[in-house]
Amino acid sequence: MAQTSYVEVPSPKQLILAEQIVRNKTETDKSGEAVFKGMVYEALRLLGTDAEDIVVLDDTDIPSVIEIGKLVKVTLKKMVRQVIVDCQQIKVLLGLATEGSTSEVLLHAAHESVPLPRAKKGVGLEFILHVGLEAPEKRQLFKHYLNLPVYPDMCPTHIVWFNKTLIYSRAVSKMVTIQSRVETDRQHGNKAVAQLLMDAVDPRPFSFMEYNSRQGDVILSLALKYPNSTFVSLHRREEEAKHLYKTLKKYQVNNTVVNVLTPDQTFTSKLMQSPEFLHYQYIDGLELVEMIQTMKRADFNLMIGQILASGITTFIQVPSGQILSLAFTTFFPEAETGEPLAPLRQLDTKVHFQSRRHPFPVFQNAETKLIGESARADVNISVSARLLTPYTDPGAVVEPWKLLRVDVTNLTVSVNHHFDYQLDGHQRKYALHCISPSPAQYEVYLIREIDGFKIPYGSVEAISLIALLRMGLLSEIKGTFYEKFLKLPYYEDMAPWNIVFRHGQLEYIDYDTKDYTFNKMVPAAYQVMAMLMNYERTVHDFGHCNEHASNEYNFPYISHCVASNYDGPCKDSRYPVPCGDHTCKSTYIECLQALSELENNKTQVRKQAIADMKRLGFVQRVTDKAPYESGVWSFDVNGPDDPNKPKDIPKTTKLPFWMYRQK
């Protein structure tokens, strides 16, 4: 079974003592080690096999083995035995030949000898299944099996566990190395996925996110093909993320961001409840199977539904019905018969593993059923789906997957102000709408809850900075983004939810304020604040600085001195100060000016009212000189009076207060 084996045997002392007891002898002329070696040589001779070396390991080498037993290391020099190489029960000879320090394992069949690349490197799946597997190990092997290309004969004898994965490696083949098969299969599959996606996407600028990109081969191919689009790559493992980042730098690709994040149901919930909306999304087959195996069914269903509701089109690489049928036949044979699990050897292996027999009826349309029966989400959504099949030459190996394309035709979902909004305390709500009568035609927009205002997305080709930062943006990319941010023009609301990443650049998108910049004003910010502060001091000395009013962000020196019974609201950032005239002003200075002008206007109105009354004869005109002008006068509590004026002459009367004109 192996070129080198370790055999645990009784200790020499125990063996000699046993021999003496059995044979009733008191002495022996053999050492214990000689007995061991003789036994091994005799056993190998009976099988026509020679040993190159037999070594009894010292106790110092194996501290745990003291007097109870010994380990014997047996290394074969040559060996020939008959083996079965496929499910058709074809038998050949397997031989081990050693020449000097090198050894080679050969298969002897049809008058020729060929190397066995898998020998001493991997373990056959058939052997593993016969030995027996615990449930966790079986699930892992099942997952790897779903990645195998589909060959005409999928007999477990041809499948090998090697380097933490399963590969297809027939015993009789001309493959040079087993490692070459692993890399070839991976590259071929990724190229097939990338080509299908390139054929399916609209060439106009778009946004694209891949859930757990691993090596990143697919997203790299797309990013190179569509430099005017925006790509987001999510990775569970930081080393894979950094590997892709280095590759992107090598090819000078700047339209792709790399994030370290484990996609789970918490993440997809935040994504769906935010205004982030992708044009395209992609989930690869390994990620899908990982989700199925590690998540509760309810969480998986919800996660799939939330992903579908987070983009116009989602591509899901699903295991084909054929590979699912083969996998269940291999690991769970009752899948075909519906009977209790039967040992693999009880199957008719000559026909059960012929790929042309699959899928069995229960696995027909399994690709669409898997997603269609799973998706759940708290949204109003309609979708259409179709399968995309990778091109395969007639008679060639078939890929173990198909690409399920799911297009949103109508969607309404309630969303919050931005991604993970709870961290910032924002309470604003919107309704996100997507209407897409065909893959080439769509309209995406928000309806603001507070006023029903419509905010169109236009082309869906960007993702916000706040989302990328909270999705584990790679530190190297974060540094680059900071430099880009510092070079942006100055806009009013440059919070990270108002800045997006679009095909390599950062852009400001706030719908209400994107048309105005402050590049000329910002250099004078200190001077403006100093002016407002000093102006307030003088107003205070005049006795006209009352309590301070408020503004939305409580900025100082903006609404000082003008507190009143009017509190706004003043939501327009151009006029943030509630003023006593029941209007909103730009600063407290403008408010003071308005109040002063209002007071002056009231005085003018009073004067005009008196003039009008005099003209109409309601007020007696007094033409006499003032008493004190004669140099002789008297006065009382009512003021100066002419002592010579007859007392019966009535004094000039004032108008009642209600006759004044009021504003």
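Reference entry: report on the structure contained in this document. In this text, all values refer to a predicted model and were calculated from it rather than measured experimentally. Within every chain, residues take consecutive numbers counted from 1 along the sequence as written. With the structure being a predicted model, the display of local features is reserved for residues of pLDDT at least 70 and the display and counting of side-chain atom pairs for 80 or more, all residues being used for whole-chain, interface and lining totals. Values reported for side chains reflect all heavy atoms of the structure, with hydrogen atoms and water molecules removed beforehand.

This part covers the packing of aromatic side chains. Where two aromatic rings form a pair, the distance of their centres and the angle of their planes describe that pair. Side-chain rings of Phe, Tyr and Trp, where Trp is taken by its six-membered ring, are said to pair if the distance between their centres is within 6.5 Å; with planes under 30 degrees apart they count as stacked, over 60 as edge-to-face, and otherwise as tilted. Applying the stated rule across the entire model yields 19 aromatic pairs. Residues F142 and F328 carry aromatic rings whose centres are separated by 5.1 Å and whose planes lie at 75° to one another, so their mutual orientation is edge-to-face. One end of the pair, F142, is in helix α4 (residues 135–145); the other, F328, is in helix α11 (residues 321–331), with 186 residues separating them in the sequence. A relative accessible area of 9% places F142 in the buried class. Type-normalised accessible area, obtained with a 1.4 Å probe on protein chains alone, sets the label of each residue: buried when under 20%, exposed when over 50%, and partly exposed for intermediate values. A relative accessible area of 26% means that F328 is categorised as partly exposed. Following the ring pairs from residue to residue traces out a cluster consisting of F142, Y145, F328, F331, F332 and F363. We count a stretch as a helix when DSSP gives it H or I for four or more residues in a row; a strand needs E for two or more, and each element gets its number in order from the N terminus.

Let us now look at the packing of helix α8 (residues 265–272) against helix α10 (residues 297–308). The angle between two axes is taken between their N-to-C directions and runs from 0 to 180 degrees, where each axis is a line fitted to C-alpha atoms and a helix contributes only its stretch in contact. Viewed as axis vectors pointing N to C, α8 and α10 meet at an angle of 30°, and their least axial separation amounts to 9 Å. In the crossing of α8 with α10, the sense of the turn from one axis to the other is left-handed. Mapping the contact onto sequence places Q265, T268, S269 and M272 in α8 and D299, L302, M303, Q306 and I307 in α10. All residues other than Ala, Val, Leu, Ile, Met, Phe, Trp, Tyr, Cys, Pro, Asp, Glu, Lys and Arg, Gly among them, are scored as polar; the first ten of these are nonpolar and the last four charged. Classifying every residue of the contact of α8 with α10 gives four nonpolar, four polar and one charged. When the near helix sits turned anticlockwise from the far one by under a right angle, the crossing is termed left-handed; a clockwise turn instead gives a right-handed crossing. Note on contacts: a residue pair qualifies if any of its non-hydrogen atoms lie within 4.5 Å across the two residues.

Judged by pairing direction, the sheet is antiparallel, and its three strands sit side by side in the order β7-β8-β9 without closing on themselves. Edge positions in the open sheet fall to β7 (123–124) and β9 (165–168), since each of these has one partner strand only. Note on pairing: DSSP must find at least two bridges between two strands before they are called paired. As paired strands, β7 and strand β8 (residues 159–162) are joined by two bridges and run antiparallel to one another. Paired with G124 across the bridge in β8 is V160. Where α4 meets the sheet, it contacts β8 and β9, and its direction lies at approximately 45° from that of β9.

Throughout, the protein atoms alone are placed on a 1 Å grid, and a set of points is a cavity if a 1.4 Å probe fits but cannot get out or a pocket if it is open with protein on both sides within 12 Å along at least five of seven lines; lining residues have an atom within 4 Å of a point. Grid points are joined across faces, edges and corners, and a volume is the space filled by probe spheres set on the points. The full count for this structure, using the stated rule, is two cavities of 30 Å³ or more. Considering only enclosed or pocket space, the largest cavity measures out at about 80 Å³ in volume. Looking at the lining of the largest cavity, its residues break down into seven nonpolar, three polar and one charged. As for the second largest cavity, its lining consists of L271, M272, S274, E276, F277, A309, S310, V413, V415 and L432. Looking at the lining of the second largest cavity, the elements with two or more residues in it are α8 and β16 (401–416). Residues that form the lining of the second largest cavity fall into these classes: seven nonpolar, two polar and one charged.

This brings us to the state of the cysteines. The disulfide definition used here is simple: a pair of cysteine sulfur atoms within 2.5 Å. Here the structure, examined in full by the defined rule, presents four disulfides. The disulfide bridge from C570 ends at C584, spanning 2.0 Å between sulfur atoms. Where C570 bonds to C584 through sulfur, the torsion about that S-S bond is close to -80°, and the disulfide is left-handed. Taken together, the residues span a long stretch of sequence, with C570 in the loop between α17 (525–541) and β23 (577–578) and C584 in strand β24 (residues 584–585) at a distance of 14 residues. Put simply, C579 and C591 are joined by a disulfide, and their sulfur atoms are 2.0 Å apart. For the disulfide bridge between C579 and C591, the dihedral angle about the S-S bond is near 90°, and by the sign convention the bridge is right-handed. One end of the pair, C579, is in the loop between β23 and β24; the other, C591, is in helix α18 (residues 588–615), and 12 residues separate them in sequence. Each member of the pair, C579 as well as C591, is classed as buried. Disulfides within the protein link the bonded cysteines, taken in sequence order, as 1-2, 3-4, 5-7, 6-8.

In the segment running from H358 into P359, the intervening peptide bond is cis, with an omega of 10°. Mapped onto the secondary structure, P359 falls in the loop between α13 (349–352) and α14 (366–372). Of note, the amide linkage connecting G568 to P569 takes the cis form, showing an omega dihedral of 10°. Its location among the elements puts P569 in the loop between α17 and β23. You will see that K164, though not glycine, has its phi angle at about 70°, which is positive. Mapped onto the elements, K164 comes out in the loop between β8 and β9. Positioned with a positive phi, R214 is a non-glycine residue whose angle comes to about 55°. As for its position among the elements, R214 is in the loop between β10 (207–211) and α6 (217–225).

This part is about the pairing of strand β21 (residues 499–502). Side-chain alternation along β21 places I499 and F501 on one buried face and V500 and R502 on a second face that is also buried. Sheet topology note: the strand β20 (residues 463–464)/β21 ladder contains two bridges and is antiparallel. The partner of S464 across the bridge, within β21, is V500. The sheet contact formed by β21 and strand β22 (residues 505–508) spans four bridges and is antiparallel. Counterpart to F501 in the pairing with β22 is L506. Two successive antiparallel strands, β21 and β22, enclose a turn made up of two residues, where H503 displays a positive phi of approximately 35°.

Moving on, we come to the environment of T4. The topology assignment puts T4 in strand β1 (residues 4–10). Residue T4 is classed as partly exposed on the basis of its relative accessible area, which comes to 33%. With 71 residues separating them in the primary sequence, T4 and T75 have C-alpha atoms 4.4 Å apart. In this structure, T4 is in contact with K73, V74 and T75, ignoring residues within four places of it in sequence.

Glancing now at helix α7 (residues 238–250). Taking 1.5 Å of rise per residue, the 13 residues of α7 would be expected to cover 18 Å, and the 18 Å separating its terminal C-alpha atoms lies within 8% of that figure. If you check which residues of α7 are buried, you get E240, A241, L244, Y245, T247 and L248. Relative to the axis of α7, the buried residues are bounded by an arc of 165° and lie together on one face. Facing away from the buried side of α7 by more than 90 degrees, the exposed set consists of K246, K249 and K250. One or two positions beyond α7, positive phi appears at Q252, with a value near 55°. For a helix, the expected span equals 1.5 Å multiplied by the residue count minus one. To be clear, the arc concerns the directions from the helix axis to the C-beta atoms.

With that out of the way, let us pick up the packing of α4 against α11. Relative to each other, α4 and α11 sit at 150°, their axes nearing to 10 Å. In this view, α4 runs roughly antiparallel relative to α11, as classed from their interaxial angle. The two elements α4 and α11 meet at a crossing, and its hand is right-handed. Counting all contacts with α4, which are made through K138, L141, F142 and Y145, the residues of α11 involved are I323, L326, A327, F328, T330 and F331. The residue makeup of the contact of α4 with α11, split by class, is eight nonpolar, one polar and one charged. Roughly parallel here means an angle under 35 degrees, roughly antiparallel means over 145, roughly perpendicular means 65 to 115, and every remaining angle is called oblique.

Bringing the nonpolar core into the picture now. In this structure, L197, F208, M209, F267, F315, M471 and F481 are the most contacted members of the largest nonpolar core, which totals 68 residues. At seven residues, helix α5 (residues 178–200) tops the list of elements feeding residues into this core. With sequence-adjacent residues up to four places away left out, L197 is seen in contact with F208, V218, L222, Y282, F315 and L403. The set of buried Ala, Val, Leu, Ile, Met, Phe, Trp, Tyr and Cys residues whose side-chain atoms join them within 4.5 Å is what this entry labels a nonpolar core. With 23 residues, the next largest nonpolar core counts F142, Y145, L148 and A327 among its residues.

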